[in-house]
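Residues per chain are reported as follows:
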Amino acid sequence: MTALTRAFILVVVGLSGDPEHATLFERWGASLTSSATALGVPADRVQRLTGNPTKADVEQAMAKIARASGPDDVLFVVLIGHGTFDGRVPKFNLKGPDLAPADVEAMLKSVPAKRLVLVNTTSASGPFKDALAGLGRTIVTATRNGAEQFDTLFGGYFVDAFNSETADLDKNHRVTVQEAYEFAEREVTK
């Protein structure tokens, strides 16, 4: 099996706040899941939660992955939407209770996959890095810290990277998470 056929992908499109952001976030989520299957991730290993999901919806999706995955699999979790930070705890905004790093950590304990890639495309996402860092984990955030609370452009560029020849820096016809991050960082800086 290739690395992509061993992957599970969970894309969570959280609260949008307004119709413009709802359209934008839905497009990013759809593009990312479409890219994943086009690149070889089996469709039954790709989940996208949309329509104002709740923390219980995310827990249910993670439980499904926990039942189906093994230690040699890799889990990609991508959070698209808005985030907040109260000076102590960063949160990903969902319908009802928001998702904090401690919630994500609790869900991950049941997943046997030993490798995790978490991408948080939201504002105030920086503190997720420190809270979820660990062996076998790659944590990507749209902001450096919780004080950066404005809308981010990072998520759109990160998603676009997987369909961009420009993002493929080593020209091997596949875009890594590192290359997608660097592409998004360059585009945001522009």
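Only a predicted model underlies this, so the values are computations on that prediction, with no experimental measurement involved.

Draft legend 1. Region of the structure containing the sheet that holds strand S6 (residues 115-120). The strand order S2-S1-S3-S6-S7 describes an open sheet built from five strands, whose pairing is parallel. Strands with a single pairing partner mark the edges of an open sheet, and in this sheet they are strand S2 (46-49) and strand S7 (137-141). On average, each strand axis in the sheet is inclined to that of its neighbour by 10°, with strand direction left out of account. The sheet contact formed by strand S1 (residues 7-13) and strand S3 (residues 74-80) spans seven bridges and is parallel. Within S3, the position partnered with leucine 10 by the bridge is valine 77.

Draft legend 2. Molecular detail of the layout of surface pockets. When its volume is computed, the largest pocket comes out at roughly 610 Å³. Together, 25 residues line the largest pocket, and Leu4, Phe76, Phe162, Val175 and Val177 are the ones closest to its centre. Listed by contribution, the elements that provide at least two residues to the lining of the largest pocket are S1, helix H1 (19-38), S3 and S6. No other element matches the four residues that S6 contributes to the lining of the largest pocket. Considered class by class, the residues forming the lining of the largest pocket number 18 nonpolar, five polar and two charged. Taken as a whole, the second largest pocket holds about 420 Å³ of empty space. Lining the second largest pocket are 18 residues; nearest its centre among them are Ala142, Thr143, Arg144, Glu148 and Val188. Elements with a contribution of two residues or more to the lining of the second largest pocket: S7 and helix H6 (177-189).

Draft legend 3. How the structure looks around empty space enclosed by the protein. For the coordinates displayed, the defined rule picks out two cavities of 30 Å³ or more. Here the largest cavity defines a volume of roughly 50 Å³. Lining of the largest cavity is provided by Phe25, Trp28, Gly81, His82, Thr121, Thr122, Ser123, Phe150, Asp151 and Thr152. Taken together, Leu10, Val58, Met62, Val77, Leu79, Leu99, Val104, Met107 and Leu118 make up the lining of the second largest cavity. Looking at the lining of the second largest cavity, the elements that each hand over two or more residues are helix H2 (55-68), S3 and helix H3 (101-108). Classifying every residue of the lining of the second largest cavity gives nine nonpolar, no polar and no charged.

Procedures and definitions
- Residues numbered from 1 in each chain as written.
- Predicted model: local features only at pLDDT ≥ 70, side-chain atom pairs only at ≥ 80, totals over all residues.
- Heavy atoms only, no water.
- Pairing = 2+ DSSP bridges.
- Helix = DSSP H or I, 4+ residues; strand = E, 2+ residues; numbered from the N terminus.
- Axes fitted to C-alpha atoms, helices over the stretch in contact; angles between N-to-C directions.
- 1 Å grid on protein atoms, 1.4 Å probe; cavity = no way out; pocket = protein on both sides within 12 Å on 5 of 7 lines; lining within 4 Å.
- Points joined across faces, edges and corners; volume = space filled by probe spheres on them.
- Nonpolar A, V, L, I, M, F, W, Y, C, P; charged D, E, K, R; others polar.

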